[in-house]
Amino acid sequence: MPLLTLKDSDGAFEAQLPGSLRRLRLGDLHPSMDSAGRYFLGHVLLNFPTTILGNGQMLFKAVLAEPVTGTSPPKTSAINTVFFGAVAEECGMFIRQGDLLAITGFKCSESPSASKDGRHPFQMELQEENAPTVYVYVKAQTTTFMLTEPSVPKPGYAYTPLSKLQVGTIVNVFAVVKHFKAPFRTKGTDYCSAVTIVDPSDVKLTCNIFNGNCDALPKISKIGDIVRFHRLKIQEYKTEKQGTPGAGFSSVTFDGTVGAAVMPRTSSKSFSFSYEDSTTVTALRRWASAHLPPPPSPVTLSTVQPMAYFDLTCQLVGKAEVDCCTFLLKVWDGTKCLHPHTKVRVETGALVGDEGFIYKLRNLTVDVLVFDNHARTAESLMVGCFIRINSLHVKSQTSNISEEVETPCLDFLLHGGTGYGRGITILPESNSDVLELQRTLDLKLLDLDDHMNIEEAPSCGLDGTAMEPTHKELVPMSKDPVSLPSVSLPRCQQSSATVITAHHHMNTTSLKDIQNMKAPQKYRIRAQLMEFEPQRINESIKLYCSNCQSLQDVPDEEELDMILQNRAATAVKPGLLNLALCRSSTVKRENQDGSPVVLYFLKCGRWETPQDRLLMIEGGTMQEIYQLSEKFHSVVPVTTEGKHLSFPDFSAPFLIQGKRCYYGCRRCSSLKSIQDRYVLTEKDSLDPDVISRALGIVLLQCVLVMKLTFNDGTDLLDAYLWDTSEQFFHISAAEVLSNDAVREKLQGIMKKLCPPEAKLEDHPWLECCIKSYNVKDEINSTICYQIFDTVVVEDA
DNA sequence: GATTAGGCTTCG
């Protein structure tokens with residue numbers, strides 16, 4: 001094995017190397033030199049994807065930089081390092097930017113690209129025949145940055161004031177963001193973010209930062225943020241200096257607010273962060289607060305002025321395509337726009353989002369029309385996400401100002417182009433503005449619930465066609481009244497096993513009265529639970545698509561094994577692999593006469609240990625998949641199709657994490673090819689949302705669906721419980737399937753709500769909000785009922 | 001390791 005890892009917990013890197021080895025410096029390298037007994041020490045500045053040469057040999061290239069001890073780096077500190085064959089395969093999978101390596105057993109040759117890349121005139125080459133060894137220094141703690149790292153040779157970064165920049169140099173800078181553009185796709189291959197920065201030397205510099213991965217761009221969220229750029233190349237454009245990423249460019253961003261925590265934001269997994277950096281951030285914050293104009297105070301929908309441009313931080317409630325170059329975004333920020341504003345009409349069915357929620361917020365949302373390049377961004381936004389719309393135009397529809405007859409109607413427009421930073425940014429949930437917004441929205445929602453009354457019940461209801469089959473299946477049949485249960489205590493004195501979370505002003509309606517009323521309506525009821533379906537608790541969990549509203553059963557392990565067996569039987573040639581994407585290994589099973597199991601290890605991710613790696617598997621039973629998912633973070637079942645990997649179908653989960661299975665919607669998903677090497681590694685995230693989005697899969701949500709039969713002594717009523725947000729039971733539907741303890745907890749609750757052995761009169765009383773809605777088919781129209789805004793009392 | 005864009009508001 002040419003690759004050896006040494007842990008930082010075991011001491012300093014060089015102290016762990018074999019004592020006989022002596023260190024070679026960059027100046028010692030020469031084609032005539034013998035590297036036996038010697039090693040070269042360097043940080044990985046850059047690494048390129050592993051490729052296959054014309055002769056079928058694998059090649060991995062990295063640029064190494066000798067750790068610098070002085071204050072400023074020498075001119076040529078970087079050297080190209082080329083790994084061949086098996087060495088390339090192994091090192092290419094493991095080595096990443098920022099790693100510290102010690103290399104032995106290499107040859108030196110002339111670098112064919114030295115004149116172009118300005119690096120060392122020679123390059124290092126590692127071939128298996130020379131028995132090379134690559135020692136990698138592994139940090140035990142990789143998730144967070146380290147404040148001090150005394151045992152690792154750390155490059156001493158020097159920062160150039162913006163007034164001292166020279167064209168043609170590569171520098172490190174620390175400065176305040178004066179202006180920025182949210183990342184946008186260029187006409188080339190990359191995303192770009194334009195950032196203008198200033199520092200206490202009172203000079204500004206515009207930088208165009210490019211990267212093929214949008215997430216790798218500086219994580220700037222607002223003007224006043226502080227950025228640290230390493231290896232920024234200074235160019236000249238129209239007599240002005242300009243910054244652009246130099247080789248190995250990296251960026252770290254900090255909040256610019258005086259007194260805020262100094263938390264670095266970056267997508268780099270490995271980056272330095274020292275005590276000095278922290279004091280620089282503090283100093284820059286103080287300088288900016290005293291010398292720069294204060295950042296514009298945030299505008300909300302309630303404070304918006306006509307004919308203005310502003311940045312809006314908001315939540316996306318709904319979206320719809322208007323035409324090829326226009327998209328509608330329905331957003332809210334918890335405040336009410338005081339001016340009349342345009343409501344955009346879209347074709348029925350075009351609006352994506354929760355109908356009920358859109359209706360509930362109808363007086364608080366504004367319709368934003370986004371054009372051209374932004375329409376494409378808008379299309380990919382997930383309803384519910386938090387966004388910042390930069391340079392949103394509030395346009396008054398009254399063209400002639402002299403005609404001030406009425407209050408003007410406002411249009412919210414995001415014009416095409418990126419001028420003035422126009423754009424849409426998805427804000428992470430950890431963003432401080434989002435946390436504040438979330439609080440505002442939560443309070444507003446509570447407020448809304450309190451003021452919502454029966455007259456406000458939506459007329460649209462939940463009578464979507466896609467839900468019909470389920471509801472028809474479960475449509476209440478028995479409506480014969482039964483004898484009144486004898487109750488020993490007055491009802492008002494009995495505690496409830498469930499309570500309502502809103503609508504307390506509503507009076508209780510008897511089930512008999514409800515049966516005589518038209519839908520849709522909202523009611524408050526007090527009744528006992530007579531029975532519920534399904535009795536087998538696992539069957540109450542369904543897979544729901546929020547996009548097409550379809551509902552389906554979750555296959556059990558037996559069904560899944562059948563599906564997997566059929567797949568294996570119809571597979572043409574298992575094990576055909578795409579080398580550029582991953583490494584495969586075939587696992588033989590002693591007790592099996594059937595097809596082999598092939599495992600594919602993804603090469604291009606940054607995941608290093610099995611616990612944070614994604615594995616693809618071809619063949620295998622569900623039990624085997626679960627076994628693997630205990631060791632690997634994520635398991636994706638695949639099949640081979642021609643020369644590439646593909647997804648079999650949607651009958652089985654497309655992703656397994658631990659005991660949790662994730663399914664895709666066969667109707668709404670449009671699969672992207674795994675052929676694209678970036679597909680699975682987008683953002684290097686193993687989040688099911690990110691993976692499913694990257695694969696073009698619309699993720700199905702686990703929901704808990706039950707039919708509850710109530711009896712209040714006046715009549716019986718069947719109501720559906722549709723618990724999508726863990727509200728009713730405080731239980732995650734998905735966990736009912738994957739966690740035995742959670743399933744038992746749910747069974748326990750149901751036992752208490754509806755004790756199987758007890759007489760109905762001894763069942764606990766429940767207080768519930770229910771709403772009625774119409775379910776229509778070609779011939780009939782039935783009224784169904786659904787429970788809402790009700791929760792089980794803990795320890796019911 | 002080329003290229004992209006290169007803040008200084010719009011068709012709507």
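Residues numbered from 1 in each chain as written. Chains lettered and ligands numbered in written order. Predicted model: local features only at pLDDT ≥ 70, side-chain atom pairs only at ≥ 80, totals over all residues. Heavy atoms only, no water.

Here we look at the nonpolar core
Soluble globular proteins tend to bury their nonpolar side chains together. Among the nonpolar cores identified, the biggest contains 58 residues, and Phe710, Phe729 and Ile770 are the most heavily contacted of them. Shared between two domains, this core holds at least three residues of each, these being domain 4 (491-539 + 704-792) and domain 5 (555-699). Setting aside residues no more than four positions away along its own chain, Phe729 makes contact with Leu704, Met706, Leu721, Asp723, Leu746, Ile749, Met750, Leu753 and Val792. (Core = buried A, V, L, I, M, F, W, Y, C linked by side-chain atoms within 4.5 Å. Buried < 20%, exposed > 50% of the residue type's maximum accessible area, 1.4 Å probe, protein only. Domains from an automatic or database assignment. Contact = heavy atoms within 4.5 Å.)

Describing the packing of aromatic side chains
Per the counting criterion, the structure on display carries 9 aromatic pairs. Here Phe174 and Phe254 contribute two aromatic rings whose centre-to-centre distance is 6.3 Å and whose plane-to-plane angle is 25°, an arrangement assigned as stacked. Highlighted residues: Phe174 in strand β11 (residues 170-180) and Phe254 in strand β16 (residues 240-254), separated in sequence by 80 residues. We classify Phe174 as buried; its relative accessible area is 7%. On the basis of an interplanar angle of 55° and a centroid distance of 5.3 Å, the ring pair of Phe229 and Phe249 is categorised as tilted. Here Phe229 is found in strand β15 (residues 226-237), whereas its partner Phe249 is found in strand β16, with 20 residues between them in sequence. Given the relative accessible area of 15%, Phe249 is considered buried. Here the aromatic residues Tyr159, Phe174, Phe254 and Phe273 are joined through ring pairs into a cluster of three or more. (Phe/Tyr/Trp six-rings, centres within 6.5 Å; stacked < 30°, edge-to-face > 60°. Helix = DSSP H or I, 4+ residues; strand = E, 2+ residues; numbered from the N terminus.)

Comments concerning the protein's contact with DNA strand B
In the vicinity of DNA strand B, 32 residues are found, and the nearest of them are Phe48, Lys181, Gln242, Ser391 and Tyr420. Near the protein, within 4 Å, the atoms of DNA strand B are sugar or phosphate in 36% of cases. Thr186 places a side-chain nitrogen or oxygen 2.8 Å from a base oxygen of DNA strand B. A distance of 3.2 Å separates a base nitrogen of DNA strand B from a polar atom in the side chain of Lys204. Sorting the residues of the surface near DNA strand B by element identifies β11, β14 (204-211) and β20 (386-396) as the ones contributing at least two each. By residue number, the principal contributor to the surface near DNA strand B is β14, which donates 4 residues. (Near = heavy atom within 4 Å. Polar contact = N/O pair within 3.5 Å; in protein donor to acceptor, adjacent residues only side chain to side chain.)

Looking at a negative patch on the surface
On the surface, Asp556, Glu557, Glu558 and Glu559 cluster together into a patch of negative charge. Summarising the element assignment, Glu557 is placed in helix α10 (residues 557-570). Taking relative accessible area as the criterion, Glu557 reaches 40% and is therefore assigned partly exposed. (Patch = residues over 30% accessible without salt bridge, like charges linked within 9 Å, V, L, I, M, F, W, Y side chains within 5 Å. Areas by Shrake-Rupley, 256 points an atom, 1.4 Å probe, with all protein chains shown as cover. Salt bridge = Lys/Arg side-chain N within 4 Å of Asp/Glu carboxyl O. Lys, Arg positive; Asp, Glu negative; His and termini not counted. Charge placed at Lys NZ, Arg CZ, Asp CG, Glu CD.)

Describing the pattern of salt bridges
Per the stated rule, a full pass over the model turns up 14 salt bridges. The residue Asp215 makes a salt bridge to Lys219 at a minimum N-O spacing of 2.8 Å. What makes Lys219 partly exposed here is its relative accessible area of 26%. Asp277 serves as the salt-bridge partner of Arg228, at 2.8 Å between the closest nitrogen and oxygen. Here the residue Arg228 occupies a position in strand β15, and Asp277 occupies one in helix α4 (residues 275-291), the gap between them amounting to 49 residues.

Points about the layout of surface pockets
For the second largest pocket, the calculated volume is near 1,300 Å³. Lining the second largest pocket are 42 residues, and of these Lys222, Pro295, Pro296, Ser297 and Pro298 lie nearest its centre. For the lining of the second largest pocket, the secondary-structure elements that each account for two or more residues are β11, α4, β17 (308-323), β20 and α7 (432-451). Top contributing element to the lining of the second largest pocket by residue count: β11, with 5 residues. For the lining of the second largest pocket, the per-class residue count stands at 18 nonpolar, 14 polar and 10 charged. Shared between two domains, the lining of the second largest pocket holds at least three residues of each, these being domain 2 (162-291) and domain 3 (309-372 + 384-391 + 426-456). (1 Å grid on protein atoms, 1.4 Å probe; cavity = no way out; pocket = protein on both sides within 12 Å on 5 of 7 lines; lining within 4 Å. Points joined across faces, edges and corners; volume = space filled by probe spheres on them. Nonpolar A, V, L, I, M, F, W, Y, C, P; charged D, E, K, R; others polar.)

Side note on unusual backbone geometry
Of note, the amide linkage connecting Glu533 to Pro534 takes the cis form, showing an omega dihedral of -5°. You can see Pro534 is positioned in the loop between β24 (521-533) and β25 (541-544). One non-glycine residue with positive phi stands out, namely Asp372, at about 50°. Summarising the element assignment, Asp372 is placed in the loop between β19 (366-371) and α6 (373-379). Judged by relative accessible area, Asp372 falls into the partly exposed class, the value being 40%. The backbone of His730 sits at a positive phi, close to 60°, despite the residue not being glycine. Considering the arrangement of structural elements, one finds His730 in the loop between β36 (716-723) and α13 (733-738).

Topic: the pairing of β11
Across the 11 residues of β11, 8 count as buried, placing the element largely inside the fold. Note: β11 against β15, 6 bridges, orientation antiparallel. If you follow Val173 over to β15, its bridge partner there is Phe229. (Pairing = 2+ DSSP bridges.)

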